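Here's the letter readout for the chains.
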Amino acid sequence: MKAIAYRQSLPITHDEALIDIDLPAPQAQGRDLLVAVKAISVNPVDVKIRANVPPADGATKVIGWDAAGVVQAVGPDVTMFKPGDEVWYAGDLTRPGTNSELHLVDERIVGHKPRTLDFAQAAALPLTAITAWELLFERLQVSRDKGVTGKSLLVIGAAGGVGSILVQLARQLTGLTVIGTASREDTAEWVKELGAHHVIDHSKPLNEEIARLGLPPVTYVAALNQTDHHWPAIAELVAPQGKVALIDDPAAIDVRVLKRKSVSLHWEFMFTRSMFETDDMAQQHQLLDDVAQLVDTGVIKTTLGERYGAINAANLKRAHALIESNRAKGKIVLEGFA
């Protein structure tokens, strides 16, 4: 089977930062699905792993943690899927990634693909949808009762992959006032289209931007990028007894600044369930099926930003470069193996 991999951690401009290779086709065992991958999307985690986790000497590493495809075969213990099913999922950080023609994935972290989306549109959503859903409803414990009003959510980096779905979930499923951040005209407009009530500029101090709009202290903060840079402003703008959730890897931050407001801090890492095979691992299967229903009923739309062509090393290098530039809007998707 065709796959894209790397042999050493190199700058994305290097010819061998990502390479096209051929690998033996894997076999489904246990609760695994063997999926024929039709489309993938690229996430910041792809860039972080490629740049910082070199394979063992002489080995190749296949990455990628978003896919939509068709089940080709199932392991003997599979109960929720059958060959021919169209699926979408975000994979498992501890196993080979989705940048390959065939891919093994545990059925407990796989959902049925939305019927109304093509494979590329679907591949844009799984990792970010899981991250946004878990952050909003499990970490911050926001109520899904739209009648519960008077509280607010600040989404820092609202135009990115996670932000693009988080804004939609918060606006469509909760009674929160949603405030997104963006620093360019096109990304600010994108965030407004996704449903944000207000958009502020994250190139300026966020606490000053909140004050400029005359908004009260923020109940919930979702810090999706540059958390260390924004940390003093977050501590200032968050409401007493509020909650802050983050997904990035900030430099050291002083959590003591949250003490006098009794603000709680929450981490969201969507790979935790699969990495540790937690008892509730199958929650991600149900979550993806729930999001698929929201998509098919028109409540949530795909966050596909750009189609980058066929799944190959050259196009993946372009996608990684855009992610590294921090200028991506929505998700970058590749489809089909040329």
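Just so we're clear, the structure is a prediction, and the values are computed from it rather than from any experiment. (Residues numbered from 1 in each chain as written. Predicted model: local features only at pLDDT ≥ 70, side-chain atom pairs only at ≥ 80, totals over all residues. Heavy atoms only, no water.)

Peer 1: When you look at the environment of L288 in this model, what are you seeing that I'm missing?
Peer 2: Inspection of the secondary structure puts L288 in helix α9 (residues 283–296). Not counting residues within four places of it along the chain, the set of residues in contact with L288 comprises W88, Y89, I109, V110, G111, P126 and I130. (Helix = DSSP H or I, 4+ residues; strand = E, 2+ residues; numbered from the N terminus. Contact = heavy atoms within 4.5 Å.)

Peer 1: I'm lost on helix α1 (residues 44–52) in this one. Help?
Peer 2: One turn of an α-helix holds 3.6 residues; hence residues three or four places apart share an orientation. Buried within α1 are the following residues: V45, D46, V47, I49 and R50. Turning to α1, the residues buried within the fold contact β3 (32–42), α3 (126–139) and α10 (313–324). (Buried < 20%, exposed > 50% of the residue type's maximum accessible area, 1.4 Å probe, protein only.)

Peer 1: It is not clear to me how the side chain of E134 should be interpreted in this structure. Could you clarify?
Peer 2: You can see E134 is positioned in helix α3. Apart from residues lying up to four places away in sequence, E134 is in contact with R139, E268, F269, M270, R273, Q284 and L287.

Peer 1: Could you clarify how one ought to interpret the pattern of salt bridges in this entry?
Peer 2: Pairing between side chains becomes possible if they bear opposite charge and their charged atoms approach one another. Per the stated rule, a full pass over the model turns up 20 salt bridges. A salt bridge links R50 to E324; its shortest N-O distance comes to 2.9 Å. Pair noted here: R50 is in helix α1 and E324 is in helix α10, with a separation of 274 residues, a long-range link. Connected via shared salt-bridge partners are E134, E138, R139, E268, R273 and D280. (Salt bridge = Lys/Arg side-chain N within 4 Å of Asp/Glu carboxyl O.)

Peer 1: Just checking my understanding: could you explain the packing of aromatic side chains for this structure?
Peer 2: Any aromatic ring pair is given by two values, namely how distant the centres are and how the planes are angled relative to each other. Within this structure, the stated rule accounts for three aromatic pairs. With a centroid separation of 5.0 Å and an interplanar angle of 65°, the aromatic rings of W133 and F137 are classed as edge-to-face. Of the two residues, W133 and F137 are both situated in helix α3; the distance of four residues between them amounts to about one turn of the helix. Overall, F137 belongs to the buried group, its relative accessible area being 13%. Aromatic side chains F269 and F271 sit 5.5 Å apart centroid to centroid with 65° between the ring planes, which places their arrangement in the edge-to-face category. Overall, F271 belongs to the buried group, its relative accessible area being 2%. Counting every residue linked through ring pairs, the aromatic cluster contains W65, F269 and F271. Here the guanidinium or amino end of K113 rests over the ring plane of F119, the centre of that ring lying 5.1 Å away. (Phe/Tyr/Trp six-rings, centres within 6.5 Å; stacked < 30°, edge-to-face > 60°. Lys NZ or Arg CZ within 6 Å of the ring centre and 35° of its normal.)

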